[in-house]
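Chain and residue survey
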Amino acid sequence: MTKSVAVHPMVSPWGRFGLYSFYIDAPEPAIIDTGIASSPAEGMVPALEAIGRRIEDVRWILLTHGHIDHIGGAYALWELTGRRAQVVIHDADAPLLRSRRAHVDEYLSGRAQYLNDPDGEAKLTEATNAVISGEMEPTMVVHGGETISLGGDVTVSVHSIPGHTPGSVAYVIDGQNDVFVGDAVQIHGAANGFPGFVDPAGYRSSLQYLSDEIRPRHLYLGHPYRRPDGTPYGVELDAGHAREALQGSLEIEARVNNAACGCLAAGLQDTDSPYSPFARVAEDLSYTGDPTLEPSPFFTTLHGYRTTSDHLTEDEETSTHG
């Protein structure tokens, strides 16, 4: 690529979160992630007008993963492009684009087990109806390893980086190594102050892959994730800060892993603690955040370690009795 392609962050507000999307100013323009239902009209349209660009000209909608604050605006954005943009998502997260109910089922199978909220299903159902602009079939399903042409000599490579979700991907602008990871690099998490991932081993492996193989020149994050002292990074990190964020994420995961393994080895106990049955983990990590605030990364992550431990136990029993 002879000339670097400009990248423009675009922010849309939503509650405690700033939802970040990124515009790639290529011959066939792309937007990375879409915020919620209101984000395209209220956040992206004025942001693009400010730099002399039109949302109607966007030709690619590249989704880093399937959570509602990243795919919620996909249908609305696709509509604003005259339904001409290609909508891209990993196969493992595509059900979350196709169905609002898939988000509710994911909640019920994971963190809902610990939140003790009888209205949780109804509240999440209401939220998905409000913030997901429409259910839709992706026009391109990826698995990692694909190259997408944005016109001219601009290409984006797709890399599978599971962990935060099964279908998390990184999009890399080839030649300038700008890397978009959505929420796959958590450091200390966002507003809740705890890293969120469903697959601990996948998360660890993906961070190592990004650090050792991709080596971002610029790293673009879905939210302003936090350092150990609670201060946020920006969402556009240079090479030095990218290395720091990746290494910090690995170190924090190792600490959470040690605490989780200790808690699981001792046996889970239901208590009056808001962190039950993982109160020991919160104590070991000196974590004092509210574990009930959605998206409840404390319980999402600890459930991931519990699921992994359960699978290992089942495998050992099968090996013993096989």
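Since the structure is predicted, the reported quantities are computational estimates derived from the model, not experimental observations.

1. Overview of unusual backbone geometry
- Backbone torsion omega between S276 and P277 reads 5 degrees, so that peptide bond is classified as cis.
- Along the chain, P277 falls in the loop between α9 (239-266) and α10 (279-285).
- Cis geometry is found at the peptide bond from E294 to P295, where omega equals 15 degrees.
- By secondary structure assignment, the location of P295 is in the loop between α10 and α11 (297-321).
- Positive phi outside glycine occurs at I187, with the angle close to 50 degrees.
- Structurally, I187 can be placed in the loop between β10 (178-180) and α8 (200-214).
- Residue classification places I187 among the buried positions, given a relative accessible area of 2%.

2. A closer look at the packing of aromatic side chains
- The full count for this structure, using the stated rule, is 15 aromatic pairs.
- A centroid spacing of 6.0 Å and a plane angle of 65 degrees characterise the contact between Y275 and Y287, whose relative ring orientation is edge-to-face. You can see Y275 sitting in the loop between α9 and α10 and its partner Y287 sitting in the loop between α10 and α11, a full 12 residues away along the chain. The two residues Y275 and Y287 agree in class, both being buried.
- Counting every residue linked through ring pairs, the aromatic cluster contains Y114, F194, Y275, F278, Y287, F298 and F299.
- In this structure, R227 is placed above the aromatic ring of Y233, and the distance from its NZ or CZ to the ring centre is 4.0 Å.

3. Some words on the side chain of T34
- Relative to the helices and strands, T34 is located in the loop between β3 (30-32) and α1 (39-50).
- From its side chain, T34 meets the backbone nitrogen of A74 in a polar contact 3.0 Å long.
- With sequence-adjacent residues up to four places away left out, T34 is seen in contact with S21, S39, P40, M44, I61, L63, H70, I71, G72, G73, A74 and L77.

4. Details of the pattern of salt bridges
- This model, assessed by the stated rule, comprises 10 salt bridges.
- Two residues, E121 and R101, come together in a salt bridge whose shortest N-O distance is 3.0 Å. Here R101 lies in helix α5 (residues 100-109) and E121 lies in helix α7 (residues 120-131), a separation of 20 residues in the sequence.
- Judged by relative accessible area, R101 falls into the partly exposed class, the value being 38%.
- The partner of R204 in a salt bridge is E253, and the shortest N-O contact between them spans 2.6 Å.

About the thresholds
Residues numbered from 1 in each chain as written. Predicted model: local features only at pLDDT ≥ 70, side-chain atom pairs only at ≥ 80, totals over all residues. Heavy atoms only, no water. Helix = DSSP H or I, 4+ residues; strand = E, 2+ residues; numbered from the N terminus. Buried < 20%, exposed > 50% of the residue type's maximum accessible area, 1.4 Å probe, protein only. Phe/Tyr/Trp six-rings, centres within 6.5 Å; stacked < 30°, edge-to-face > 60°. Lys NZ or Arg CZ within 6 Å of the ring centre and 35° of its normal. Polar contact = N/O pair within 3.5 Å; in protein donor to acceptor, adjacent residues only side chain to side chain. Contact = heavy atoms within 4.5 Å. Salt bridge = Lys/Arg side-chain N within 4 Å of Asp/Glu carboxyl O.

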